[in-house]
Amino acid sequence: LGSGADALGMKVLSNTATGERAEIIWESGGNTERVRLRSPTTGLLRDVLQTNNNNATAVRLNQHYAGNILLPFANRIRNSTYNFFGRTYLLPRNENTPGVRSDALHGFLFNRTLAVRDAGCTNATGVPSVYVTLGYRFDGSQQGSSATPGWPFKLDTALTYALSAGSLSIITRATSLETSQALPWFNGWHPYFAVGSVAQARVELDSCRADNSTTGAQWNHITMGEGAPRAGDLIPTGEATPWARFDGSTPIGGDEERPSYMDDEFKSTLAQKALSTAAVCGPYIRHRIHDAGGDKSTIVLWADRQHAVTQIFTGSQELWGWRAIALEPMSALADAYNNGDGLTVLWPGET
């Protein structure tokens, strides 16, 4: 991607029968720079994600975390500080708003150079696909180019991207390389889904009801501190309220240049119910973005039920001119290193 000093190495997955493709930048944390799929509505190819327009400098500068895989934590860690098994750790403060925020944001992987571990074609599941697996090993160092200050743990991460007709899937695996201590971990993905109009787009959160009821909210809106969603610390307060608005029928709203502003977090209520949820509703959470102001396509974002948290950000049009909605699957709440909500604790050797 690009040329000269700012050039970045990437792998291109392509389907020669359909023209679909995905561009994965292994020299920038496994960033999904472009995902181009064929719309079943129009039969035409379309960019599903907002891209950086082949601008390697923009990717290297990490503009708005577009397409980044976020780990070993996603979203914010309040005051860049957390306590784990009786010890206090201080992470780098890479989000600073004087008097409001001084947080650690979106983990360490987003600007690392990953190794290409495997690539090829497969038909193992009956669905032809082409894939690439990228990997990175965190060595726990606190100084140097591989340092993860405030996170002194050893972890192997493997990311597998597979393109088949009509879809791209991403599988994230994390394996503790520790021999005597546990480590904290959660993850997310930060895609900006391209739409013709943010204001006219309709978001539909997964609506499966494990009890077969037809009423009641399946999602809770996480309450943030005073000033949210535009200001404040954007850290969960521990409170939540039922949310039923995102049912696919209500547009984001606002006007074309200033759509209704959201930077909000939601958690599935199904995650709090019986273990039979997956058997009743299936193994995946499925969200939809209906592009009412564009080509009338529907973008489907699916994630396994470990990713019971979703962040929605609609401010990209107003702030930097992107007609896109960030709909981010997460495996835990923001600040999970402190509130523990959804946090994964990996024990030695555990995957």
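Residues numbered from 1 in each chain as written. Predicted model: local features only at pLDDT ≥ 70, side-chain atom pairs only at ≥ 80, totals over all residues. Heavy atoms only, no water.

S.K.: I'd like a description of the layout of surface pockets, backed by residues and values.
M.R.: Its boundaries defined by the atoms lining it, the largest pocket holds a volume of some 1200 Å³. In terms of lining, the largest pocket is formed by 44 residues, of which the most central are Leu168, Ser169, Ile170, Trp302 and Ala303. Those elements giving two or more residues to the lining of the largest pocket turn out to be strand S3 (31–38), strand S13 (154–164), strand S14 (167–176), strand S16 (188–190), strand S24 (298–304) and strand S27 (344–346). For the lining of the largest pocket, the element with the highest residue contribution is S14, accounting for eight residues. Here the residues of the lining of the largest pocket sort into 23 nonpolar, 17 polar and four charged. By volume, the second largest pocket is sized at about 380 Å³. Where the lining of the second largest pocket is concerned, the elements lending two or more residues are strand S10 (101–105), strand S25 (309–313) and helix H3 (316–320). For the lining of the second largest pocket, the per-class residue count stands at nine nonpolar, six polar and six charged. (1 Å grid on protein atoms, 1.4 Å probe; cavity = no way out; pocket = protein on both sides within 12 Å on 5 of 7 lines; lining within 4 Å. Points joined across faces, edges and corners; volume = space filled by probe spheres on them. Helix = DSSP H or I, 4+ residues; strand = E, 2+ residues; numbered from the N terminus. Nonpolar A, V, L, I, M, F, W, Y, C, P; charged D, E, K, R; others polar.)

S.K.: An account of the pairing of S3 is needed here, citing residue identities and associated values.
M.R.: With six of its eight residues buried, S3 lies for the most part within the structure. Examined bridge by bridge, strand S2 (residues 21–25) and S3 share five bridges and lie antiparallel to one another. When the bridges of S3 are listed, Ile24 appears paired with Thr32. With antiparallel pairing between neighbouring strands as the criterion, S2 and S3 make up a hairpin whose turn holds five residues, including Gly29 at a positive phi of roughly 70°. Relative to strand S4 (residues 45–47), S3 is paired through three bridges, and the arrangement is antiparallel. Counterpart to Arg36 in the pairing with S4 is Asp47. Counting the residues between successive antiparallel strands, the hairpin from S3 to S4 contains six residues, one of them, Gly43, with a positive phi of roughly 80°. (Buried < 20%, exposed > 50% of the residue type's maximum accessible area, 1.4 Å probe, protein only. Pairing = 2+ DSSP bridges.)

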